[in-house]
Amino acid sequence: MGARDGFALAGAGAQFPGVKLDPIQAASAAQFDRRSHRYGKGHILEQTADIEGALRHVELPAGARALDVATGGGHTGLLLAVRGYRVTLGDISTNMLTRAAALAAERGLKVETREFAAEAMPFGEGEFDLVTCRVAPHHFSDARGFVREVARVLKRGGSFLLIDGSIEDGKPEAEAWLHNVEKWRDPSHHRLWSQRTWETWCAESGLAVKSSELQPMLQPDLEWYFETAATSPENRAKVLEAVRTAPEEARALLRISEAADGKISWWWQRLVLVAQKG
Ligand SMILES: C[S@@+](CC[C@H](N)C(=O)[O-])C[C@H]1O[C@@H](n2cnc3c(N)ncnc32)[C@H](O)[C@@H]1O
C-alpha cells in the first residue's frame, strides 16, 4: 500500500481517522499521482496573470493566512507565498504536494502542505483570510459541498477566489461536447459548472459575490494536452473524431480550430469569481 493506504486520506486521516475517498476522488488522486511531473515548470498554469488580476478584488491583512485547495503544481499558492502570506497548500494527491513543496523550497518559500479532499477539509471554523482554488473543482465529486467547506474555514470578512473552467447556461450541445472530450482525455474529469450555479452556491453558503466574470482561456495544442493527461490511444481517437464532428454550437462557443501546422486548439470559458464571507 502507498501513502494513501486503502485510499484513506493521509493528511485528513491524521485528524479524522477513517475518512475514505469516494470513487471520483480516488480517480483524481490516482491520475494526478501518476501525472504530477507534468504540472510544474512549463505547464500553462505557471502563467498567473488570471490570479493576479483577481487578487485586485481581494483585501488582505499583512501576514494573512491563505489556503490553496487542490494546489497541483503549487502555482497559485506559491504566488501568495511570494506576497508574504502564510500559505497552506492542500491537495488530494501525495505526489502533487511533494512536488509543490519541492518547488517552494527551490524558490526559498516557506509553505505548509496538507493532504485532504476539498469536500472535507481538516481545518476548524474561521482559520483562513483567503481560500483559493484554481482549475480543479471540475474534478470534485461535490463542488457544492466544497463551497460550504470554504465558507466554514474562512474568517468573517475572508475571501474566496475561484478560477475554473465553466460553461454558459443554455448551451447543452456545447456542454455535452466539452464534457465528453474532457472525460475521454482525462477520466478524472467530473463536470463543469455554470457561472450562475457557482454564484448560487456561494450565496447559499453566506459568501457574497464581489466579482464574477467568464474569461476566455486558450487550450493551445490538443497533442500537448493529451500528453499531459497520458490519454489512451482509443480515447485520443474518440476526441479527434469529436473535434471533426463537433456541433455548430460547440464550434462557435469554444472557437475550435485547426491551424496550418495541425495544432488543434479551442477556448475554454474560465470563470474568475471572488466572494467574501459576511
Ligand atoms: C490542474 S491541477 C490544479 C492546478 C493548480 N491549482 C494551479 O493553480 O496550478 C488539479 C489538482 O486538483 C487536485 N484534486 C482533484 N480532485 C481533488 C479533490 N477532490 N480534493 C482536493 N484536490 C483535488 C488534483 O490532485 C490536482 O493536483
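Our subject in this report is the structure included herewith. (Residues numbered from 1 in each chain as written. Predicted model: local features only at pLDDT ≥ 70, side-chain atom pairs only at ≥ 80, totals over all residues. Heavy atoms only, no water.)

## Some remarks on the site of the ligand
So, point 1. Neighbouring the ligand are 23 residues, the closest being A70, T76, D91, A118 and R134.
So, point 2. Residue A70 places a main-chain N or O atom 2.9 Å away from a nitrogen atom belonging to the ligand.
So, point 3. Contact distances for the ligand include 2.6 Å between an oxygen atom and a side-chain N or O atom of D91.
So, point 4. For the ligand, whose free accessible area comes to 610 Å², the fraction covered by protein is 99%.
So, point 5. Given that more than half its atoms are within 2 Å of the pocket grid, the ligand belongs to the largest cavity.
So, point 6. Counting only elements with at least two residues in the shell around the ligand, the list comes to α2 (23–35) and α4 (75–82).
So, point 7. With three residues, α2 is the single largest residue contributor to the shell around the ligand. (Near = heavy atom within 4 Å. Polar contact = N/O pair within 3.5 Å; in protein donor to acceptor, adjacent residues only side chain to side chain. Areas by Shrake-Rupley, 256 points an atom, 1.4 Å probe, with all protein chains shown as cover. 1 Å grid on protein atoms, 1.4 Å probe; cavity = no way out; pocket = protein on both sides within 12 Å on 5 of 7 lines; lining within 4 Å. Sits in = over half its atoms within 2 Å of the grid points. Helix = DSSP H or I, 4+ residues; strand = E, 2+ residues; numbered from the N terminus.)

## Points about the layout of surface pockets
So, point 1. Roughly 170 Å³ of internal volume is contained in the largest pocket.
So, point 2. What lines the largest pocket is simply I44, Q47, A49, D50, R134, P216, M217, L218, P220 and R270.
So, point 3. Broken down by secondary-structure element, the contributors of at least two residues to the lining of the largest pocket are α3 (49–55) and β6 (207–219).
So, point 4. Among the elements that make up the lining of the largest pocket, the one with the highest residue count is β6 (three residues).
So, point 5. Across the lining of the largest pocket, the residue classes break down as six nonpolar, one polar and three charged. (Points joined across faces, edges and corners; volume = space filled by probe spheres on them. Nonpolar A, V, L, I, M, F, W, Y, C, P; charged D, E, K, R; others polar.)

## Here we look at empty space enclosed by the protein
So, point 1. On inspection of all chains with the given rule, the structure shows one cavity of 30 Å³ or more.
So, point 2. By volume, the largest cavity is sized at about 670 Å³.
So, point 3. Together, 42 residues line the largest cavity, and F32, V135, A136, H138 and H139 are the ones closest to its centre.
So, point 4. Contributing elements (two or more residues each) for the lining of the largest cavity: α2, β1 (65–69), α4, β5 (154–166), α7 (172–185), α9 (222–229) and β8 (264–277).
So, point 5. In terms of residue class, the lining of the largest cavity is made up of 19 nonpolar, 14 polar and nine charged.

## Thoughts on the pairing of β1
So, point 1. Judged by how many residues are buried, β1 sits mostly within the fold: five of five residues are covered.
So, point 2. The side-chain alternation of β1 yields two buried faces, one formed by R65, L67 and V69 and the other by A66 and D68.
So, point 3. Bridge analysis of β1 against strand β2 (residues 86–91) gives five bridges, and the strand direction is parallel. Paired with A66 across the bridge in β2 is V87.
So, point 4. Handedness of the β1-α4-β2 crossover: right-handed.
So, point 5. In this structure, β1 lies alongside strand β4 (residues 128–134), joined through four bridges in parallel fashion. The partner of V69 across the bridge, within β4, is C133. (Buried < 20%, exposed > 50% of the residue type's maximum accessible area, 1.4 Å probe, protein only. Pairing = 2+ DSSP bridges. Right-handed = clockwise from strand over helix to strand, strands pointing away.)

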